[in-house]
Amino acid sequence: MSQPAVFLDRDGTINEEMGYLNHLSRFELLPQAIPAIRRLNAAGLKVVVVTNQSGAARGYFPTSLVEEIHALLQKILAAGGAHLDGIYACLHGPADGCACRKPSPTLLEQAARDLDLDLARSYLVGDRYIDIQTAANAGVKGILVLTGYGRGEYEYLRAAQGVQPVHVAPDLGEAVEWILRDLGKK
Ligand SMILES: [Mg+2]
Ligand SMILES: [Zn+2]
């Protein structure tokens, strides 16, 4: 039976927003990331990162750096007793006209096929309205976190947005608590 998942944006949601994360040394997890992902793992929810990484296509760093960052992320999480069930990245630039760049729902749909996920019972947590639009396009519930770009997006872009989040959370930790309550898991 297909199961619900929690999709997570990467930059500004689980790690510090650094602009283009163009070197491994600039990767820094947000303080709530490990316990929050561990909570989701313990609740039996699939946890999948969906991220736009156009920096390589723009020539700012090699594509291999994205893989290195994701390997480091998995390693840090493993040391903290947490894990991701998948990482799906769009490596294209906006001008490439690809099908997978958020706000396209393609990355989530791909993960749903690979991992047998029920999108109608799933969530996407992100720090930008593009994530909330992606959630709507994929038919999952969108949650905006106020870390990364979140506070500015919420304050200055909210009024102009057609799609609003089902919940606004100060950080990933609170977002996860809200999701677990929403699913009746606590
Ligand atoms: Mg982000
Ligand atoms: Zn793409």
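As shown above, the structure is provided for reference.
These lines cover the structure that appears in this document, whether it is placed above or below. On a predicted model such as this, the values are computed, not experimentally measured, just so you know.

Focus: the sheet that holds strand S4 (residues 123-126)
Taken in spatial order, the six strands line up as S3-S2-S1-S4-S5-S6 in an open sheet, and their pairing is parallel. Strands with a single pairing partner mark the edges of an open sheet, and in this sheet they are strand S3 (86-90) and strand S6 (167-169). Strand after strand, the sheet turns through a mean of 25 degrees between neighbouring axes, direction not considered. Across the sheet, helix H4 (residues 129-138) is in contact with strand S2 (46-52), S4 and strand S5 (141-145); its angle to S5 comes to roughly 170 degrees.

Topic: the side chain of Gln 53
Of note, Gln 53 is situated in the loop between S2 and helix H2 (63-79). Within the structure, the side chain of Gln 53 is placed 3.2 Å from the side chain of Asp 11, a separation counted as a polar contact.

Looking at the packing of aromatic side chains
A complete count under the given rule lists one aromatic pair for this structure. Ring plane angle 75 degrees and centroid distance 4.8 Å describe the contact between Tyr 20 and Tyr 60, whose orientation is recorded as edge-to-face. Here Tyr 20, found in the loop between strand S1 (5-8) and helix H1 (33-42), pairs with Tyr 60, found in the loop between S2 and H2; they are 40 residues apart in sequence, far enough to count as distant. We note Arg 128 situated over the ring of Tyr 149; from NZ or CZ to the ring centre the distance is 4.4 Å. Sitting over the face of the ring of Tyr 154, Arg 158 holds its NZ or CZ atom 4.1 Å from the ring centroid.

Describing the pairing of S2
In terms of residue burial, S2 counts as a mostly covered element, since six of its seven residues are buried. In this structure, S1 lies alongside S2, joined through four bridges in parallel fashion. Considered in S2, the bridge of Ala 5 is made with Lys 46. Where the polypeptide runs from S1 across H1 and back to S2, its parallel neighbour, the crossover connection is right-handed. What joins S2 to S3 is H2, and the crossover it makes is right-handed.

About the criteria used
Residues numbered from 1 in each chain as written. Chains lettered and ligands numbered in written order. Predicted model: local features only at pLDDT ≥ 70, side-chain atom pairs only at ≥ 80, totals over all residues. Heavy atoms only, no water. Pairing = 2+ DSSP bridges. Helix = DSSP H or I, 4+ residues; strand = E, 2+ residues; numbered from the N terminus. Axes fitted to C-alpha atoms, helices over the stretch in contact; angles between N-to-C directions. Contact = heavy atoms within 4.5 Å. Polar contact = N/O pair within 3.5 Å; in protein donor to acceptor, adjacent residues only side chain to side chain. Phe/Tyr/Trp six-rings, centres within 6.5 Å; stacked < 30°, edge-to-face > 60°. Lys NZ or Arg CZ within 6 Å of the ring centre and 35° of its normal. Buried < 20%, exposed > 50% of the residue type's maximum accessible area, 1.4 Å probe, protein only. Right-handed = clockwise from strand over helix to strand, strands pointing away.

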